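What follows is the residue order along each chain.
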There are 2 protein chains.
Amino acid sequence: MKQTEKMKTGESMPLTEVLAALPFNADGLIPAIAQQHDTGEVLMMAWMSLVALEETLERGRVCYWSRSRQKLWRKGESSGQIQVLKEMSFDCDSDTILMKVDQTGPACHTGRRSCFYNVVKGDRVEVVAEPLIDPSQLYGK
Amino acid sequence: MKQTEKMKTGESMPLTEVLAALPFNADGLIPAIAQQHDTGEVLMMAWMSLVALEETLERGRVCYWSRSRQKLWRKGESSGQIQVLKEMSFDCDSDTILMKVDQTGPACHTGRRSCFYNVVKGDRVEVVAEPLIDPSQLYGK
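I will try to describe carefully the structure that is included in this document.

Turning next to the relation of the copies chain B and chain A. Laying chain B over chain A is done by rotating through 180° and shifting 0.0 Å along the axis; what remains is an RMSD of 0.0 Å. Considering both components of the superposition, the chain copies are consistent with a two-fold axis. Residue Gly40 of chain B of chain B places its C-alpha closer to the rotation axis than any other residue of that unit, at 2.6 Å. Looking at the interface residues of chain B, 100% of them are also at the interface in chain A, so both copies use one shared face.

Here it is as structure tokens:
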């Protein structure tokens, strides 16, 4: 976002102009990081279309684009584990979104709080978190 | 990473197997988020090739792949503002990397600490941070 690089704190530009200039990739998507607003824990990274992004801002509840299902993914629509949007920001070249959210329960489809539970330890990758809820309970399978 | 979904805390698998199975995109890249290890601040998101990822793990200093310059991007090589790797993790489908780092000075090429300084406030996008250092000093231009 060249227009804001030289701006001082408190200066701003219209949201509509920012949205119109976002560099969506060839699939029309932009990566969005969800971070728990109070603890700072990074919960997940997923993708948004313009429609998903606009819905998220309008409703204040996070909506992604599911690349596997090729449809809007209203986070929590099957599991009940929603993300309430607290703050959204764009990075310096506006090709990544950061969202501070309030996550109900687990963000991860495995039932774990965060998706980032596979930690490199030397020459191994170790699981560092247990599910909060069994995924069979989350999705009623 | 299907193999670790059902693992208990403390169970692990070889790093070499994880690296060999990473779902790099069509350009051979995977997104990597950098988070300041002690404050939790999300600093930036960039992309890594397998070579960049392996170098980061070997040297303990973060190396990305620069899509604009099409070469390895040893963070801090021109600016001196390096990222020391504290911890690396992979998410549930291992298509995103999260790195806890110790960032020297600004992470952003604008001289700001974090790249995420453009915050949505109602129908405006507002700059919320000043540069720590003038970018002309960082890059000697």
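Looking at the element boundaries, Ser78 of chain A is found in the loop between β5 (71-74) and β6 (83-90). Among all residues touching Ser78 of chain A, those that are not within four sequence positions of it are Leu138 and Tyr139 of chain A.

Between chain B and chain A, the contact holds 51 residues from the first and 51 residues from the second. Considering only the side of chain B, the residues that lose the most area to chain A are Phe116, Asn118 and Val125 of chain B, jointly responsible for 13% of the buried surface there. In this structure, the connection of chain B to chain A is made through two salt bridges. For the pair chain B and chain A, the interface holds 32 residue pairs in polar contact (both at pLDDT 80 or more). A per-class count over the side of chain B that touches chain A returns 27 nonpolar, twelve polar and twelve charged.

Moving on: the pairing of strand β9 (residues 124-127) of chain A. Along β9 of chain A, the buried face is formed by Val125 and Val127 of chain A; none of Arg124 and Glu126 of chain A, which line the opposite face, is buried. One ladder, built from four bridges, connects strand β8 (residues 118-121) of chain A with β9 of chain A; its direction is antiparallel. Looking at the pairing, Val120 of chain A lines up with Val125 of chain A of β9 of chain A. Hairpin connection, β8 of chain A to β9 of chain A: the antiparallel pair is bridged by two residues, and Gly122 of chain A has positive phi, about 60°. In the sheet, β9 of chain A pairs with strand β1 (residues 12-14) of chain B via three bridges, with the strands oriented antiparallel. Bridge assignment links Arg124 of chain A to a residue of β1 of chain B, and that residue is Pro14 of chain B.

All names here are of chain B. Secondary-structure assignment places Thr104 in the loop between β7 (97-103) and β8 (118-121). For Thr104, a relative accessible area of 36% gives the class partly exposed. Along the primary structure Thr104 and Ala52 are separated by 52 residues, whereas in three dimensions their C-alpha atoms are 20 Å apart. Once residues within four sequence positions are removed from consideration, Thr104 is found in contact with Gly80, Gln81, Ile82 and Arg113.

What follows is about helix α3 (residues 50-59) of chain B. All names here are of chain B. Here α3 has its buried residues at Ala52, Leu53, Glu55 and Thr56. Summarising the axial view, the buried residues of α3 lie within an arc of 165°, below the 170-degree limit, and thus occupy one face. Tucked into the core, α3 has its buried residues touching α2 (15-20), β3 (42-48), β4 (63-66), β5 (71-74), β6 (83-90) and β7. Residue Gly60 follows α3 closely and has a positive phi angle near 75°.

Before going further, it helps to examine the side chain of Ser49 of chain B. All names here are of chain B. Of note, Ser49 is situated in the loop between β3 and α3. Looking at Ser49, the relative accessible area reads 11%, which means it is buried. A distance of 3.1 Å separates a polar atom in the side chain of Ser49 from the backbone nitrogen of Ala52. When near neighbours in sequence (up to four residues on either side) are disregarded, Ser49 contacts Phe24, Gly28, Leu29, Trp65 and Leu72.

Turning next to unusual backbone geometry. Its identity as a non-glycine residue notwithstanding, Ser94 of chain A has a phi of 50°, on the positive side. Mapping Ser94 of chain A onto the fold places it in the loop between β6 and β7 (97-103).

Turning to the sheet that holds strand β2 (residues 30-36) of chain A, a few remarks are in order. In space, the seven strands of this open sheet follow the order β1(A)-β9(B)-β8(B)-β6(A)-β7(A)-β2(A)-β3(A), with mixed pairing throughout. Each edge of the open sheet is held by one strand with a lone partner, namely β1 (12-14) and β3 (42-48) of chain A. Each strand of the sheet is rotated relative to its neighbour by a mean of 30°, with strand direction disregarded. This element, helix α3 (residues 50-59) of chain A, spans β3, β6 and β7 of chain A together with β8 of chain B of the sheet and lies at about 115° to β6 of chain A.

Rules of the game
Residues numbered from 1 in each chain as written. Chains lettered and ligands numbered in written order. Predicted model: local features only at pLDDT ≥ 70, side-chain atom pairs only at ≥ 80, totals over all residues. Heavy atoms only, no water. Least-squares fit on C-alpha atoms with pLDDT ≥ 70 in both. Contact = heavy atoms within 4.5 Å. Helix = DSSP H or I, 4+ residues; strand = E, 2+ residues; numbered from the N terminus. Buried area = accessible area lost by both parts, 1.4 Å probe. Salt bridge = Lys/Arg side-chain N within 4 Å of Asp/Glu carboxyl O. Polar contact = N/O pair within 3.5 Å; in protein donor to acceptor, adjacent residues only side chain to side chain. Nonpolar A, V, L, I, M, F, W, Y, C, P; charged D, E, K, R; others polar. Buried < 20%, exposed > 50% of the residue type's maximum accessible area, 1.4 Å probe, protein only. Pairing = 2+ DSSP bridges. Arc of directions from axis to C-beta. Axes fitted to C-alpha atoms, helices over the stretch in contact; angles between N-to-C directions.

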